[in-house]
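Architecture and fold: a report
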Amino acid sequence: MMQRSLALSALLLAACQPAGGSEPRADSSPAKPAATARANLYQCEGCEGAAEANPATLRNAARIGPGIDKGEPLAIDGLVYQNDGKTPAASVIVYAYQTNAAGRYANGAATTLWSRRHGRLRGWVKTGADGRYHFDTIKPAPYPNDTIPAHIHLTVLEPGKRPYWIDDIVFDGEFGVTPAYRKSMVNQGGNGIVPVRRDASGRAVVVRDIILERHPA
């Protein structure tokens, strides 16, 4: 289990529009931008994985994993904003990784530490001028025998900056999204608790808009 999830467990114990669309979605209103840089912005185990893809080859849409894992199909749409929460941010890499339908980070490659640790279900996109991004994947399952909701980890890599993680995508109204969990969220990069909707084909779709964080001086 990743360090950030262990930290989240401690906190808990202590207390459909495609990416190429033209209008932001009302159900994904970003949270208010942070007024100051977070002191722990760069304290994120595994954020190095965001830099393992060649930026020149990335587009604003990708599949998480090779598309051979069994599970319920899921589409993720979003728009990345500058820190003002209004201006689309271009050339931002969003790195995503998740568990499979059994709740495990499985079948990673031996290529790098993070390809082993994060498993096969990972992917990268780079926003265009409109700030939009899109992932196709499957719905993850919660960790076996745990209380943490099913989630998708997101790491952001801005041009010329160090990578940092933002609040995971979690599915509103599903297992583990309790009042205590909600209170533990800091809305890093905007709100990650998102409703699951269905497109015309019945596929699950979520919208996770992102506000870039302020960086320490």
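Residues numbered from 1 in each chain as written. Predicted model: local features only at pLDDT ≥ 70, side-chain atom pairs only at ≥ 80, totals over all residues. Heavy atoms only, no water.

Looking at the overall build of the protein
Counted only if it meets this: Think of it this way: any DSSP run of H or I at least four residues long counts as a helix, any run of E at least two long counts as a strand, and we number them from the N terminus. Any residue under 20% of the maximum accessible area for its type is buried, any over 50% is exposed, and the rest in between are partly exposed; the area is computed with a 1.4 Å probe on protein chains only. Method for areas: the Shrake-Rupley scheme with a 1.4 Å probe, in which residue coverage is limited to the protein chains shown.
Each helix and strand in the protein was counted, giving 3 helices and 11 strands. Overall, the protein shows an N-to-C arrangement of helices and strands of α-β-β-β-α-β-β-β-β-α-β-β-β-β. Burial analysis of the protein (217 residues in total) assigns 50% to the buried set. With the model as given, the accessible surface of the protein reaches about 10,200 Å², and the carbon-plus-sulfur share is 52%.

Some details on the pairing of strand S3 (residues 93-98)
Here is the rule: A pair of strands is treated as paired once DSSP finds two or more bridges between them.
Counting buried positions along S3 yields 6 of 6 residues, so the element is predominantly enclosed. Alignment of S3 against strand S4 (residues 122-126), held across 5 bridges, turns out to be antiparallel. Looking at the pairing, Tyr-95 lines up with Trp-124 of S4. Pairing of S3 with strand S6 (residues 151-157) involves 6 bridges; the strand directions are antiparallel. Opposite Val-94, over in S6, you have Val-156 as the bridge partner.

As for the pairing of strand S7 (residues 164-171)
Counted residue by residue, S7 has 8 buried out of 8 residues, so it is predominantly covered. By the bridge criterion, 5 bridges tie S6 to S7 in an arrangement that is antiparallel. Directly across from His-151, in S7, lies its bridge partner Val-170. The turn linking S6 back onto S7 is made up of 6 residues, and Gly-160 within it adopts a positive phi angle of 75°.

What to know about the packing of aromatic side chains
Under the convention used in this document: Between rings of Phe, Tyr and Trp, where Trp is taken as its six-membered ring, a pair exists when centres lie within 6.5 Å; planes separated by under 30 degrees are stacked, by over 60 edge-to-face, and by other angles tilted.
For the coordinates displayed, the defined rule picks out 5 aromatic pairs. These aromatic residues form a ring-pair network of at least three members: Tyr-95, Tyr-97, Tyr-105, Trp-124 and Tyr-143.

Observations regarding the environment of Pro-55
For the record, the criterion: In what follows, a contact means two residues having at least one pair of non-hydrogen atoms within 4.5 Å.
Along the chain, the position of Pro-55 falls in the loop between helix H1 (3-14) and strand S1 (61-63). Here Pro-55 falls in the partly exposed class, since its relative accessible area comes to 39%. Sequence separation between Pro-55 and Lys-126 is 71 residues; the distance between their C-alpha atoms is 7.3 Å. Residues in contact with Pro-55, not counting those within four places in the same chain, are Ile-93 and Lys-126.

Some details on the sheet that holds S3
Spatial ordering of the open sheet is given by S4-S3-S6-S7-S8, a layout of 5 strands whose pairing is mixed. Taken across any chain shown, the strands that pair with only one partner, and hence form the sheet edges, are S4 and strand S8 (193-194). In terms of strand pairing, S7 meets S8 through 2 bridges, oriented parallel. Paired with Val-170 across the two strands is Ile-193, which belongs to S8.

Digging into the confidence of the model for the protein
A low pLDDT means the predicted coordinates there should not be read in detail. Stated precisely, the cut-off is as follows: The quantity known as pLDDT measures the predictor's confidence residue by residue, on a range of 0 to 100.
Looking at the protein, the pLDDT average stands at 88 and 84% of residues meet or exceed 70. Note that residues 1-28 has pLDDT below 50 and, in this model, 62 contacts with residues that lie over four places away or in other chains.

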